[in-house]
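Listed here are the chains, written in short residue letters.
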Amino acid sequence: GNSVTQMEGPVTLSEEAFLTINCTYTATGYPSLFWYVQYPGEGLQLLLKATKADDKGSNKGFEATYRKETTSFHLEKGSVQVSDSAVYFCALIYNFNKFYFGSGTKLNVKP
Amino acid sequence: DAGVTQSPTHLIKTRGQQVTLRCSPKSGHDTVSWYQQALGQGPQFIFQYYEEEERQRGNFPDRFSGHQFPNYSSELNVNALLLGDSALYLCASSLVTSYEQYFGPGTRLTVT
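(A) Representation of the pattern of salt bridges within the structure. Counted according to the given criterion, the structure contains seven salt bridges over all chains. For E100 of chain B, the salt bridge goes to K49 of chain A, with nearest N and O atoms at 3.5 Å. Within this pair, whereas E100 of chain B is found in the loop between β9 (87-94) and β10 (102-103), its partner K49 of chain A is found in strand β6 (residues 44-50), the two belonging to separate chains. The partner of R63 of chain B in a salt bridge is D85 of chain B, with the nearest N and O atoms 2.9 Å apart. Of this pair, R63 of chain B sits in the loop between β6 (53-57) and β7 (64-68) while D85 of chain B sits in the loop between β8 (74-78) and β9, and the two are 22 residues apart along the sequence. Each member of the pair, R63 of chain B as well as D85 of chain B, carries the same accessibility label: buried.

(B) Highlighting the packing of aromatic side chains. Within this structure, the stated rule accounts for 16 aromatic pairs over all chains. Consider the rings of Y36 of chain A and F103 of chain B, whose centres lie 5.3 Å apart with planes at 80 degrees: the pair is edge-to-face. Of this pair, Y36 of chain A sits in strand β5 (residues 32-38) while F103 of chain B is found in strand β10, placing the two residues in two different chains. Judged by relative accessible area, Y36 of chain A falls into the buried class, the value being 0%.

(C) Focus on the sheet that holds β7 of chain B. Residues and elements named next belong to chain B. What the four strands build is an open sheet, ordered β1-β3-β8-β7; its pairing is antiparallel. Each edge of the sheet is formed by a strand with only one pairing partner; in this case those strands are β1 (5-7) and β7. For this sheet, the mean angle separating the axes of adjacent strands, direction not counted, is 20 degrees. The sheet contact formed by β1 and strand β3 (residues 19-24) spans three bridges and is antiparallel. Of the residues in β3, the one forming a bridge with T5 is S24.

(D) Spotlight on the pairing of strand β11 (residues 107-111) of chain B. Residues and elements named next belong to chain B. On β11, burial follows the alternation: T107, L109 and V111 on one face are buried, whereas R108 and T110 on the facing-out side are not. Summarising the sheet, strand β2 (residues 10-13) and β11 pair through four bridges and their orientation is parallel. Residue pairing for β11: K13 is matched across the bridge by V111. Sheet topology note: the β9/β11 ladder contains three bridges and is antiparallel.

(E) Broad picture of the sheet that holds strand β7 (residues 56-59) of chain A. Residues and elements named next belong to chain A. Across the sheet, four strands lie side by side as β3-β9-β8-β7; this open sheet has antiparallel pairing. In this open sheet, the two edge strands, each paired with only one partner strand, are β3 (19-21) and β7. The sheet shows a mean angle of 15 degrees between the axes of neighbouring strands, taken without regard to direction. Across four bridges, β7 lies against strand β8 (residues 62-65) in antiparallel orientation.

(F) Representation of the environment of S58 of chain A within the structure. Looking at the element boundaries, S58 of chain A is found in strand β7. Apart from residues lying up to four places away in sequence, S58 of chain A is in contact with L48 and E63 of chain A.

(G) Quick look at the side chain of K77 of chain A. All names here are of chain A. By secondary structure assignment, the location of K77 is in strand β9 (residues 75-77). With a relative accessible area of 9%, K77 lands in the buried category. Within the structure, the side chain of K77 is placed 2.7 Å from the side chain of D84, a separation counted as a polar contact. In this structure K77 touches A17, F18, L19, K60, G61, F62 and D84, once residues within four positions along its chain are discounted.

(H) Local environment of the side chain of S73 of chain B. All names here are of chain B. Topologically, S73 is positioned in the loop between β7 and β8. At 2.7 Å, the side chain of S73 forms a polar contact with the side chain of N71. Contacts of S73, omitting those with residues within four sequence positions, involve C23, S24, P25, H67 and Q68.

(I) Layout of unusual backbone geometry. Looking along the chain, the bond that leaves G9 of chain A and enters P10 of chain A is cis, with omega of 0 degrees. For P10 of chain A, the position within the fold is in the loop between β1 (3-6) and β2 (11-14). Here the bond from S7 of chain B into P8 of chain B is cis, since omega is -10 degrees, no more than 30 degrees from zero. Structurally, the position occupied by P8 of chain B is in the loop between β1 and β2. One non-glycine residue, E52 of chain B, lies in positive phi territory at about 65 degrees. Its relative accessible area of 41% is what places E52 of chain B among the partly exposed residues. Despite not being glycine, A80 of chain B has its phi angle at roughly 45 degrees, a positive value. Along the chain, the position of A80 of chain B falls in the loop between β8 and β9. What makes A80 of chain B partly exposed here is its relative accessible area of 40%.

Conventions used here
Sequence order as written defines the numbering, with residues in each chain counted from 1. Throughout, the order in which chains and ligands are written sets their labels, letters from A for the former and numbers from 1 for the latter. Two thresholds apply to this predicted model, a pLDDT of at least 70 for residue-level local features and 80 or more for giving and counting side-chain atom pairs, whereas whole-chain, interface and lining totals are computed over all residues. Note that the side-chain values use all heavy atoms of the structure and ignore hydrogens as well as water. The salt bridge criterion pairs a side-chain nitrogen of Lys or Arg with a carboxyl oxygen of Asp or Glu, the two atoms within 4 Å. Each helix is a run of H or I in the DSSP string that is no shorter than four residues. Each strand is a run of E no shorter than two, and both are numbered from the N terminus. Each residue is placed in one exposure class: buried if its accessible area under a 1.4 Å probe, protein chains only, is under 20% of its type's maximum, exposed if it is over 50%, and partly exposed if it falls in between. What counts as a ring pair is set by centres within 6.5 Å for rings of Phe, Tyr and Trp (its six-membered ring), and what kind of pair is set by the plane angle: stacked under 30 degrees, edge-to-face over 60, tilted for all other angles. Strand pairing follows a simple DSSP-based rule, namely that at least 2 bridges must link the two strands. Only C-alpha atoms enter the line fits that serve as axes; for helices the fit covers just the stretch in contact. Angles between N-to-C directions range over 0 to 180 degrees. Residue contacts follow a heavy-atom distance rule, with two residues in contact if any of their heavy atoms lie within 4.5 Å. As used in this structure description, the phrase polar contact means that two N or O atoms lie within 3.5 Å; if the pair is within protein, one of them must be able to donate a hydrogen and the other to accept it, and residues adjacent in sequence are counted only when both atoms belong to side chains.

Next up, the structure:
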């Protein structure tokens with residue numbers, strides 16, 4: 001079946017630190033991969049996506065590369081800001097249908 | 001352009017009651033999906049509607065039902081509410097030809 005596993009949080013960093021949030025997946029076929037962000041009290045916002053192996057998604061300084069050989073889609077940012085504090089969800093979608101989400105990783109960035 | 005809108009924002013119900021949640025998709029979108037997000041968890045897929053029919057369903061009991069209207073808006077109905085149904089219910093809209101789903105802010109349901 002399809003599933004997503006991401007590192008447990010919370011992750012606490014100081015401003016300008018490097019961020020990595022790990023995400024691995026299990027899927028039949030070739031899924032598309034996503035990172036969504038959820039700020040307190042809000043719905044999910046698409047952060048970035050990658051639709052095929054070796055694609056790199058990027059947005060707002062965040063990056064993730066679709067690694068088929070390791071079934072991974074790790075989220076990285078070189079220098080985090082306090083405003084990046086949120087919950088980050090890794091997700092996959094297969095065959096244009098339903099999303100499978102990870103359990104989320106809470107990021108706290110301290111000034 | 002208004003994005004995905006959901007109503008109400010918050011709702012408190014008693015165990016055993018029934019509830020209806022509403023969703024208006026992003027302009028131009030024809031497909032609506034519903035998700036349940038328990039506290040501290042990722043969203044879980046409930047079902048998806050396209051052309052007023054349920055296109056796919058997740059692992060949820062028949063107490064969860066839905067409807068899509070000709071204007072593409074959608075309702076989620078939950079009967080015989082249980083305490084465990086307390087969650088944030090998210091609606092997402094998309095084009096049937098696209099994997100890219102846009103999420104609404106959600107409806108927070110509390111069952112007491």
